[in-house]
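Analysis of the macromolecular model
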Amino acid sequence: MNGRFIKPMRDIGSALFEVQKPARYVGGECGAASPIEEEDARLRIALCFPDLYEIGMSNNALRIIYSWLNEKKDQIVCERVFAPAPDFEQLLIRKKIPLYTLESGIPLSDTDILAFTVGYELLATNMLAVMERGGIPFETMRRGDRDPIVMAGGPAVTNPLPFAHFLDAVWIGEAEAGFMDLMVQMAELKSRGADRREKLTLLAGHPSVWISPSVEERLKLPHKKRIVRAIFQDFYKTEYGNTFPYPVLNPVHSHGSVEIMRGCPNGCRFCHAGYFYRPQRSKLPEIIRKEVEDLVVRKGYREITLSSLSSGDYPGIVELFEELNAAWAKYKVSFQLPSLKVDSFTMPLLEEISEVRKSGLTFAVETPLESWQCAINKRVPFEKIATILHEARERGFKSAKFYFMVGLPLPERGMQEADAIVEYIERIAQVERISIHVNVGTFIPKPHTPFEREAQLSEEEGLACIQHIRRSLKYRKNVEVSYHPPFLSVLEGIISRGDESVGEIISEAYLKGARLDAWDEHIDRDLWRRVLDDYNKRRGEGAWQSFLAQREEDALLPWREISLNVSTGWLKKEKQKAQKNALTSTCNENCTERCGVCGSQAAVVSNSILYKNTVCEGGSVLGRCEAVSELEQVKLIAVWSKRNAAVLYPLHDVARSFSRAFQVCGFHVAFTRGFNPQPRMELSPPLALGVEGKNEILLLWVDMPKDRLEELEELMLKNQGRILSSLNENLPDGLRIENLRMSAHSDDKKRTIGALFRAAAWRYVFASEESYTKAVNILADHHSDDFVLTKTDAHVREIGLIEIFSGASKKTQSFYKILKDHLSAEDHFVAERLECYGRLDNEGYVRLQDIL
Ligand code: SF4
């Protein structure tokens, strides 16, 4: 390796093709922060969502923190890192390469701060893997002055003690409310040459930072008895620009997202997020409009989620939805609401949703009986669901999903809950002929909620309930039952409710090989069971089970020093009300049942929105086609190349990148018709991962005003350079459009790549003469009409050939595949497709780009 920074294509090279989805590990996405030089002296923060790339890239907290920290670029460099999948972890070990950040390839041990954002408990072992692979000791006590400070934040660490062995510090609350400023202060300390102790002392001085007891002890810092959650009151009037890379691999949530509300007004007693994000702050509609416009116009999104814990509770949601749909529908932009509480589900809202999505509705019922619903303070009246379902079916919805929990703190918890769920679903199935999907999970009594002292069902109890539900509904053809494995809930319960000793369980599981425990295909249940057994052998029978047990009223809770600003007295009162099935009213500006959150620093923001007096300007931004009466779909031909990291991108991700770049640059990409409209485009046949491409072709249909086609064609030719450079600026590293023109055959349906493609020219360059010679022999052995040798050159170890694809012939084999099958792993070569050829009316082969 040259220098300390890792360049994956150089330092890992072709071994990257051995792992699944290598594009996860190479960065280079459009919109990523610029790479830095090794001498750069700014504060280096590695920001990590400790799950795979596709999950992490969807995380809203990560987007916000990355974007905000990189705004302080005079002092701070913030780069991303995600958990390595086990195959990549092994590759790093084999190659002796440390885990690195995606932007510059900084080994994690060369950063100043490794900051995790932790959304769920089962990421714990991934966090340790990230640290150790990055060259950072995963135990706080083994870290020295040269090691980065390891921090975390997020809803899964509001009981930090189980992480005390691994994390130096934990930020409690919303990052916008002080975390970024704290990092600026850290940058100043670094520039003054401060040591680890000084930096940790700065962190310890912040009211929202928890410091690990072992760090306090080692550095002789005074013990903090109370850590208070930071609340970003200005959320409602802040426009989030979201300068965040556009993912090359399709993330799990590929939509653009506007967080329309933080916090939730419905004090559901089981919901940790409801307490963690109090109070409800609705974003001003004018800010929402600006964020939507930014996502559509500058970021190229066509599907936008209006996200929050309970989007239906946004005041004026129907008007907002109506307005946004009206403004953007003609640009094929659709809006979705991810979480709707049944109470907030109105017919007008259903009307709006059904405009864009008819696939299914989701109802988080949690518990079936009305009295039980009162106990958890979440009313989901059966009659209302029945009415919604009826209306939904009338509007073409085909299915509905129902979420339930078992093990809620009810006198009847367990089997009686299971019976009631079965009865409830039977009733629903009788009322509406709609396909029903039921998902059942085990309730986890989370810290900082009124149920924090309640017991959790054991795995056996949870499983018995779930099996009962499955068995009972097995005979219903239109009902499907799935479940969250109770064993995973047990692990989540232990990590969220445990004390410092849980760190032993996490580290032992990690050392034994546990990774990606939230993934069904990766979790090793036997491994975890052995680790839990060993823990009990050391700590006494029933030791880990005690974390799931009921806690006495006077028992000290592991998270007692953390305050989410909700008073202990209020939590107790809520629990008593739960026992009497009594409801608590929703949060509002004139709250009379104060929990302790609202005060001088925080208050509910629940706007009344006067839509009638406002005009949405969003749509006019893309309005170049708006005034035109008639549009025509015009076929554009782009010739492009694929090199560097882009050789790792699968074809559908390449297609997504192109359609986005064209949209961002103001082209009106046309969409296919049907249930699930997609950008209308066609690409040259896929290349195997690792193969470069020159003169590749993209056909893209765009809407253009019919009466200005000639003028626009001329404009495109005249401004070719400018158009290409702005398109290329919006493409990930390695993808490049070389030229662009309108096709003269837009109307000819036969002039498509699929119909005309017949042959391709290739160049293979070998790393050694030996490999070259082997390849020439293989070529001789496989001589057939499918290959036409154009040249071989021993001097530059290069083979050139034309490969013929007869289409109908099953015998056609790819020369690339033949080489891959017959050469060994040491025979490195670079393959490049130079040109695609086609035939028109059985005449000779011509360049495909010339006949489309
Ligand atoms: S003080 Fe009242 S309005 Fe504010 S979060 Fe608590 S319950 Fe809700």
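Calculation notes
Residues numbered from 1 in each chain as written. Predicted model: local features only at pLDDT ≥ 70, side-chain atom pairs only at ≥ 80, totals over all residues. Heavy atoms only, no water. Helix = DSSP H or I, 4+ residues; strand = E, 2+ residues; numbered from the N terminus. Rg over C-alpha atoms; globule rule 2.2 N^0.38 Å. Buried < 20%, exposed > 50% of the residue type's maximum accessible area, 1.4 Å probe, protein only. Contact = heavy atoms within 4.5 Å. Areas by Shrake-Rupley, 256 points an atom, 1.4 Å probe, with all protein chains shown as cover. Lys, Arg positive; Asp, Glu negative; His and termini not counted. Charge placed at Lys NZ, Arg CZ, Asp CG, Glu CD. Pairing = 2+ DSSP bridges. pLDDT = per-residue confidence, 0-100. Near = heavy atom within 4 Å. 1 Å grid on protein atoms, 1.4 Å probe; cavity = no way out; pocket = protein on both sides within 12 Å on 5 of 7 lines; lining within 4 Å. Sits in = over half its atoms within 2 Å of the grid points. Axes fitted to C-alpha atoms, helices over the stretch in contact; angles between N-to-C directions.

Within the chain, the secondary structure is distributed over 27 helices and 26 strands. Over its C-alpha trace the chain gives a radius of gyration of 29 Å, about what one expects of a compact globule, namely 29 Å for 852 residues. Taking the principal axes of its C-alpha atoms as reference, the chain extends roughly 85 × 60 × 55 Å. Here the chain holds 852 residues, and the buried ones make up 58% of them. Once local pairs closer than 6 in sequence are excluded, the contacts in the chain between residues at least 24 apart make up 76%. Carbon and sulfur atoms form 49% of the exposed surface of the chain, whose accessible area is close to 35,900 Å². Looking at charge distribution, the chain has the averaged site of its 110 positive side-chain charges lying 1 Å from that of its 119 negative ones.

Moving on, we get to the pairing of strand β2 (residues 76–82). It is a general feature of regular strands that their side chains alternate between the two faces of the sheet. Extensive coverage of β2 is indicated by the burial of 7 of its 7 residues. Along β2, one buried face is formed by Ile76, Cys78, Arg80 and Phe82 and the opposite face, lined by Val77, Glu79 and Val81, is buried too. One ladder, built from 7 bridges, connects strand β1 (residues 43–49) with β2; its direction is parallel. Each bridged residue has a counterpart across the sheet, and for Cys48 the counterpart in β2 is Val81.

Attention now moves to the confidence of the model for the chain. Across the chain, the average pLDDT comes to 90, with 93% of residues at 70 or higher. Note on residues 608–628: pLDDT under 50 across the span, and 40 contacts to partners over four residues away in sequence or across chains.

Residues in contact with the ligand, as listed here, are Arg278, Cys587, Asn588, Cys591, Glu593, Arg594, Cys595, Val597, Cys598 and Val604. Among the detected pockets, the ligand sits in the largest cavity.

The next point concerns the sheet that holds strand β3 (residues 113–117). One key point about sheets: their strands pair by backbone hydrogen bonds, in either a parallel or an antiparallel sense. Here 6 strands make up an open sheet; going across it, the order is β2-β1-β3-β4-β5-β6 and the pairing mixed. On the outer flanks of this sheet lie β2 and β6 (209–211), each paired with one strand and no other. Looking at each pair of strands side by side, their axes are set apart by 25° on average, direction ignored. Direction of pairing for β1 relative to β3: parallel, over a ladder of 4 bridges. Pairing of Cys48 across the sheet is with Phe116, part of β3. Against the sheet, helix α7 (residues 196–204) makes contact with β4 (149–153), β5 (169–171) and β6, and its axis sits at roughly 20° relative to β4, the strand it touches most.

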